[in-house]
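What the coordinates show
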Amino acid sequence: MDKNFYITTPIYYPSAKPHMGHAYTSILADFFARIKTIQGYNVFFLTGTDEHGQKIQRAAEKEGMDPLKFCDEISKTFQNLSKTLNLTNTDFIRTTETRHAKSVIDLWKILEKKGEIYLSKYSGWYAVSDEAFYNEDEIENKDGRKFSKISGSIVEWVEEESYFFRLSKWEKPLLKFYEENPDFILPESRKNEVISFVKSGLKDLSVSRKSLSWGIKVPSNPDHVIYVWLDALTNYLSALNYPNKEDHLFKNFWPADVHLIGKDILRFHAVYWPAFLLAANLKPPKKVYGHGWILSGEEKMSKSKGNILDPLEIISKYGLDPLRYYLIKEVSFGNDGSISKDKLESCINSDLANNYGNLCQRVISFAEKNTNSEVPKYGKFNKEDLIILAKFKKNYDFLLKSIDEQNINGYVNFVVNSLFDANKYFNDQEPWKKKNDIKRLNTIVYVSLDLIRKITILLYPIIPGTAVRVLKIFDIKENDISFQSVKENEILNINFKLKKIDILFKKIEKK
Ligand code: MSP
């Protein structure tokens, strides 16, 4: 079995500080990276910054800064965010690095050699904030200005000599590829969007800019810089040391398992990127998943709309794990969702403090008083014990499938229901009334502790910091967390002295 797993986030534009939307994609990618790691996979998890192009050049000019110095500064804030979000990324790539330029130039040369690129003239619309070209039928007029109907960004007219990629030639092969790889674009609704875009006819794509200097130069014609999307998409290969195809990273991890992206950049990842790769005789990624947007009210959160919620501010007020939990559970994966302090506070109180925190606290303090803080020697399991323990084994394949199909909602629902079940089990079994039947009391405590262990392992990819603290009670170290062990019973060490634990989540007083 292939035990390697490669997941990527988009590389973010360091045109301004990171916001909640960036944090969202990164947290989701980290969820998958962690879950695959505890399943025993070698995981390569890549994130980074996309530093070339007009958008960045203009942002640097506005600050009166040299673009590289500007990127150095803002890319640092993205690297710091990765640490603050407790991401397990293997690498952080910057497109201004030499290793990246080497890959881009190689890919360009191959495409040029194969006759996939030719010199001509571009005249049409360009949106700097998306770094995207748009067709006439994708443009609308508002108050005398022109906007892209697709993204809502302002467009400007561009007329200049440009290299073109023969995208039109890849229309049929792409449609065939989508048909043969039905899971390539997910979720399903987005797949249909992409297919109808391709079916409506693909035009050759402008892949260089002459009026711009901030980028990687076209090797055979340094008057041009390579179009920033061709440059940026190649990051997924350059981090694996492409063009060295013998390198173990490239051999083990290409093609990528999942490019996790926002739905705004689906066309680049699901149309242009596989076309470039097929044209260069390289394998396309296995899957592109376009998640929804984090909204502020009804609108996408973005710098240009000025409606940004700062993840750092939220984390310093509420802590990281509540934010991770909220984004993973409350924003239905694949759809748009919103975040507000009020909703976050309710979620902390009901799910984290009442449901999970309470379960851990009650069981551990009961064990402190009644089993000398030890994992007690249990007696024979009764029907209720067996039913609740069996749920994890019974749903194990469902959980694995949910992860591989990016069905986060299914996975999280199982975890939340298990928490309710575990609390209910402890209530219904009333161990405090069993002081005359120590064997039964011990068995209830044992089962409850084991439920905490199982649920905490399932929670680890969502709230890793808290889960590691809880698993420490049982002396399970982060590197030893095994996903498979959730379906096993009777593996806690009898008489093991449970470690102490502080309150996990404080309830928030709501006004
Ligand atoms: N640099 C390009 C990507 C190149 S990948 C080869 C880019 N960068 S970006 O900084 O504008 O944003 C990239 C990603 O950030 C989006 O695709 C999405 O994953 C995430 N988000 C940015 N704003 C978002 C929301 N408001 N909501 C959810 N995610 C959003 O595009």
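Before reading further, recall that the structure is shown in the block above.
1. A look at the overall build of the protein chain
Per the secondary structure count, the protein chain includes 18 helices and 18 strands. Taken against the 2.2 N^0.38 rule, which gives 24 Å for 511 residues, the C-alpha radius of gyration of the protein chain at 26 Å falls within 12% of a compact globule. Overall, the C-alpha framework of the protein chain stretches about 90 × 50 × 40 Å when taken along its three principal axes. In the protein chain, buried positions account for 58% of the 511 residues. Within the protein chain, contacts between residues at least 6 apart in sequence are counted, and of these 77% link residues at least 24 apart. Entry remark: accessible area of the protein chain is about 22,300 Å², with carbon and sulfur atoms responsible for 49%.

2. So, the site of the ligand
In the neighbourhood of the ligand, 26 residues make up the surrounding shell, with Ile11, Thr25, Asp50, Ile294 and Met301 lying closest. For the ligand, an oxygen atom lies 3.2 Å from a polar atom in the side chain of His22. Contacts to the ligand include Ile294, whose backbone N or O atom sits 2.7 Å from a nitrogen atom. Among the secondary structure elements, those contributing two or more residues to the shell around the ligand are strand E1 (4-12), helix H1 (20-38), helix H7 (228-233), helix H8 (235-238) and strand E14 (258-262). Top element by residues in the shell around the ligand is H1. It accounts for 4 residues. Here the residues of the shell around the ligand are counted per class, giving 14 nonpolar, 9 polar and 3 charged.

3. Some details on the nonpolar core
By size, the foremost hydrophobic cluster in this structure holds 98 residues, and its most contacted members are Leu327 and Tyr411. For Tyr411, the residues in contact, after removing those within four places along its chain, are Phe31, Ile35, Leu399, Ser402, Ile403, Leu458, Pro461, Ile462 and Phe483. Counting residues in each nonpolar core, the second largest holds 84 residues, with Phe70, Ala127, Val207 and Phe276 among its members.

4. A look at the sheet that holds strand E18 (residues 337-338)
Overall, mixed pairing links the 3 strands, which are arranged E17-E16-E18 in an open sheet. The open sheet is flanked by strand E17 (299-300) and E18, the only strands paired with a single partner. Bridge count for strand E16 (residues 294-296) against E18 is 2 bridges, and the pairing is parallel. When the sheet's bridge partners are listed, Ile294 is paired in E18 with Gly337.

5. Things to note about the environment of Tyr396
For Tyr396, the position within the fold is in helix H15 (residues 396-404). Linking Tyr396 and Lys487, residues 91 residues apart in sequence, is a C-alpha distance of 6.6 Å. Setting aside anything within four residues of it in sequence, one finds Tyr396 in contact with Phe483, Gln484, Val486 and Lys487.

6. Considerations on helix H18 (residues 464-473)
Among the 10 residues in H18, 7 count as buried, and that is most of the element. Within H18 the residues assigned to the buried category are Pro464, Thr466, Ala467, Val468, Val470, Leu471 and Ile473. At its buried positions, H18 is contacted by H1, helix H12 (320-330), helix H13 (341-370) and helix H17 (438-459). Looking at the residues trailing H18, positive phi occurs at Asp475, about 65°.

7. Remarks on H17
An α-helix turns once every 3.6 residues. As a result, residues three or four positions apart point the same way. Here H17 spans 31 Å end to end across 22 residues, near enough to the 32 Å set by a 1.5 Å rise per residue. In terms of burial, H17 is a largely internal element, 20 of the 22 residues being buried.

8. So, the side chain of Arg34
Summarising the element assignment, Arg34 is placed in helix H1. When residues no more than four places from it in sequence are discounted, the contact partners of Arg34 are Asn86, Thr88, Arg324, Tyr460, Pro461, Pro464 and Glu478.

9. Let's talk about the sheet that holds strand E9 (residues 185-186)
Two pairing modes exist for strands in a sheet, parallel and antiparallel, and in both the strands are linked by backbone hydrogen bonds. With respect to topology, 6 strands assemble into an open sheet ordered E3-E2-E1-E14-E15-E9, the strand pairing being parallel. The sheet is open, and its two edges are formed by strand E3 (91-94) and E9, each paired on a single side. Note: E1 against strand E2 (residues 42-49), 7 bridges, orientation parallel. Across the sheet, Phe5 pairs through a bridge with Val43, a residue of E2. Lying on the sheet, helix H10 (residues 266-279) is in contact with E9, E14 and strand E15 (288-291); it crosses E14 at an angle near 140°.

Rules behind the numbers
Residues numbered from 1 in each chain as written. Predicted model: local features only at pLDDT ≥ 70, side-chain atom pairs only at ≥ 80, totals over all residues. Heavy atoms only, no water. Helix = DSSP H or I, 4+ residues; strand = E, 2+ residues; numbered from the N terminus. Rg over C-alpha atoms; globule rule 2.2 N^0.38 Å. Buried < 20%, exposed > 50% of the residue type's maximum accessible area, 1.4 Å probe, protein only. Contact = heavy atoms within 4.5 Å. Areas by Shrake-Rupley, 256 points an atom, 1.4 Å probe, with all protein chains shown as cover. Near = heavy atom within 4 Å. Polar contact = N/O pair within 3.5 Å; in protein donor to acceptor, adjacent residues only side chain to side chain. Nonpolar A, V, L, I, M, F, W, Y, C, P; charged D, E, K, R; others polar. Core = buried A, V, L, I, M, F, W, Y, C linked by side-chain atoms within 4.5 Å. Pairing = 2+ DSSP bridges. Expected span 1.5 Å × (residues − 1). Axes fitted to C-alpha atoms, helices over the stretch in contact; angles between N-to-C directions.

So, to be careful, I would describe these as geometric facts and stop short of saying anything about function.
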